[in-house]
Amino acid sequence: MTIHGVRRRPVQKRSIERVERILDACAGLLDEVGFDSLTTSEVARRAGVPSGTVYQFFDGKPGMMRELAMRNLELLIERLRRRAAGEALLTWPRAAEIVIAETIEMRRTVPGFTVVDFADTRPGGPSFLPDGETEEGGDVLADRLYAFAVEEAGLPPLPDPHRVMRLAIEATSVALALAFRAARQGDPAMIDQGRRLLRAYFADVSR
C-alpha cells in the first residue's frame, strides 16, 4: 500500500476542529468495523461532514491512516514526557518499561489504537508513518523515540541507535500483538515477558 497523507493542512480553527472530528470518527470506526471495512463515506457520516470534506484534507483512506498514526505518535510522546518528568534516575531499561506501559494503556483506552497504532497491527501490516530521516532508514517512530530519550529525557547516547530502536520497536510490536490476541485487555503474562525482554535488551546495549 502506498501511504499518502494530508492534502491540505487546516489553518482556521473551524477547519482544525473538522479534521479532528474526522480523525475521531475514523478511530472509533476502526474499533467497530475494523480496518478492511472502514470507508471514507462512513467516516464522513460519523463525523457529520460531507464526503468531499474528507478528500479536501486527506488523500483518501491511506491519508487518514497516516494522520491518525502521526496523532498517536504525538500522544505517545506527550505521555512519555509526563512519565519521564516523574523519574529521578531514568535509565534505558526503565525507559523501555515506561514505553511498554504507556503503549499498553493506549491500546486499552485510545480509540482505534489496537487496530491502527502506527501501522496496520495485523501480522505483516504496513506502517503508516513516513520514512525516517537517518541514513539507516526506518521510520519516524524510531527517530522520535530516540530523540526524545536523549534530548529531552537525558539518557546517554546508544551505539548504533537506530538499529537498536527499530529492533526494540519490532520486538515490542510482536509481544503486544500476542498479548492482545489472547485477551482484550492484554494477557498479563505475555506483557510481562515483553517487558522483561526489552529491559534485558536495553540493559545490554546501554552498558
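Treat the numbers as computed from the prediction; the structure is a model and nothing was measured.

Description of the overall build of the chain
Then, number 1: Of regular secondary structure, the chain possesses eight helices and zero strands.
Then, number 2: Over its C-alpha atoms, taken along the principal directions, the chain stretches across nearly 55 × 35 × 30 Å.
Then, number 3: Counting over 207 residues, the chain shows a buried share of 44%.
Then, number 4: Intrachain contacts of the chain at a sequence separation of at least 6 include 66% that bridge at least 24 residues.
Then, number 5: In the form shown here, the chain has an accessible surface area of approximately 10900 Å², with 51% of it arising from carbon and sulfur atoms.

Some thoughts on the packing of helix 4 (residues 60-85) against helix 6 (residues 140-152)
Then, number 1: At a minimum axis distance of 11 Å, the contact between helix 4 and helix 6 shows a crossing angle of 20 degrees. Between helix 4 and helix 6, the angle is such that the two are roughly parallel. You can see that helix 4 and helix 6 cross each other, and the crossing is right-handed. Where helix 4 approaches helix 6, its residues Met70, Leu73, Glu74, Leu76, Ile77, Leu80, Arg81 and Ala84 are matched on the opposing element by Val140, Leu141, Arg144, Leu145, Phe148 and Glu152.
Then, number 2: Looking at side-chain class alone, the contact of helix 4 with helix 6 contains ten nonpolar, no polar and four charged residues.

Focus on the pattern of salt bridges
Pairs can form between side chains of opposite charge once their charged atoms are near each other.
Then, number 1: Under the definition given, this model contains 20 salt bridges.
Then, number 2: Note that Arg79 and Glu102 form a salt bridge whose closest N and O atoms lie 2.7 Å from each other. Taken as a pair, Arg79 in helix 4 and Glu102 in helix 5 (residues 92-109) lie far apart in primary sequence, 23 residues in all. For the pair Arg79 and Glu102, a shared accessibility class is recorded, and that class is buried.
Then, number 3: Taking the shortest distance from any N to any O, the salt bridge between Glu102 and Arg83 comes out at 2.7 Å. One end of the pair, Glu102, is in helix 5; the other, Arg83, is in helix 4, with 19 residues separating them in the sequence.

Details of the packing of aromatic side chains
Then, number 1: The final tally for this structure, using the stated rule, is five aromatic pairs.
Then, number 2: Relative to Tyr146, the ring of Trp92 has its centre 6.0 Å away and its plane inclined at 15 degrees; by these criteria the two rings are stacked. In this pair, Trp92 is assigned in helix 5 and Tyr146 in helix 6, connecting sequence segments 54 residues apart.
Then, number 3: Residue Tyr146 is classed as buried on the basis of its relative accessible area, which comes to 11%.
Then, number 4: Consider the rings of Tyr201 and Phe202, whose centres lie 5.5 Å apart with planes at 65 degrees: the pair is edge-to-face.
Then, number 5: Accessibility expressed as a relative area gives 22% for Tyr201, which makes it partly exposed.
Then, number 6: Site record: aromatic cluster; members linked through ring pairs are Trp92, Tyr146, Tyr201 and Phe202.
Then, number 7: Cation over ring: Lys61 sits above Phe35, and NZ or CZ is 4.3 Å from the ring centre.
Then, number 8: Its guanidinium or amino end placed over the ring of Phe180, Arg107 lies 5.1 Å from that ring's centre, counting from NZ or CZ.

Section: helix 7 (residues 161-182)
Then, number 1: Between the first and last C-alpha of helix 7 there are 32 Å, a value that for 22 residues agrees with the 32 Å anticipated at 1.5 Å per step.
Then, number 2: Of all the residues in helix 7, the buried ones are Pro161, His162, Val164, Met165, Ala168, Thr172, Ala175, Leu176, Ala179 and Phe180. Axial view of helix 7: buried residues confined to an arc of 160 degrees, hence all on one face. Across from the buried face of helix 7, at angles greater than 90 degrees, the exposed residues are Arg163, Glu170, Arg181 and Ala182.
Then, number 3: In this fold, the buried residues of helix 7 make contact with helix 5, helix 6 and helix 8 (188-205).

Re the environment of Val49
Then, number 1: Among the structural elements, Val49 can be located in the loop between helix 2 (40-47) and helix 3 (51-57).
Then, number 2: Measuring from C-alpha to C-alpha, the distance between Val49 and Pro188 comes to 41 Å, with 139 residues separating the pair along the chain.
Then, number 3: Those residues in contact with Val49 that sit more than four places away from it in its chain are Arg18, Arg21, Ile22 and Ala44.

Scoring rules and cut-offs
Residues numbered from 1 in each chain as written. Predicted model: local features only at pLDDT ≥ 70, side-chain atom pairs only at ≥ 80, totals over all residues. Heavy atoms only, no water. Helix = DSSP H or I, 4+ residues; strand = E, 2+ residues; numbered from the N terminus. Buried < 20%, exposed > 50% of the residue type's maximum accessible area, 1.4 Å probe, protein only. Contact = heavy atoms within 4.5 Å. Areas by Shrake-Rupley, 256 points an atom, 1.4 Å probe, with all protein chains shown as cover. Axes fitted to C-alpha atoms, helices over the stretch in contact; angles between N-to-C directions. Parallel < 35°, antiparallel > 145°, perpendicular 65-115°, else oblique. Left-handed = near helix turned anticlockwise from the far one by under 90°. Nonpolar A, V, L, I, M, F, W, Y, C, P; charged D, E, K, R; others polar. Salt bridge = Lys/Arg side-chain N within 4 Å of Asp/Glu carboxyl O. Phe/Tyr/Trp six-rings, centres within 6.5 Å; stacked < 30°, edge-to-face > 60°. Lys NZ or Arg CZ within 6 Å of the ring centre and 35° of its normal. Expected span 1.5 Å × (residues − 1). Arc of directions from axis to C-beta.

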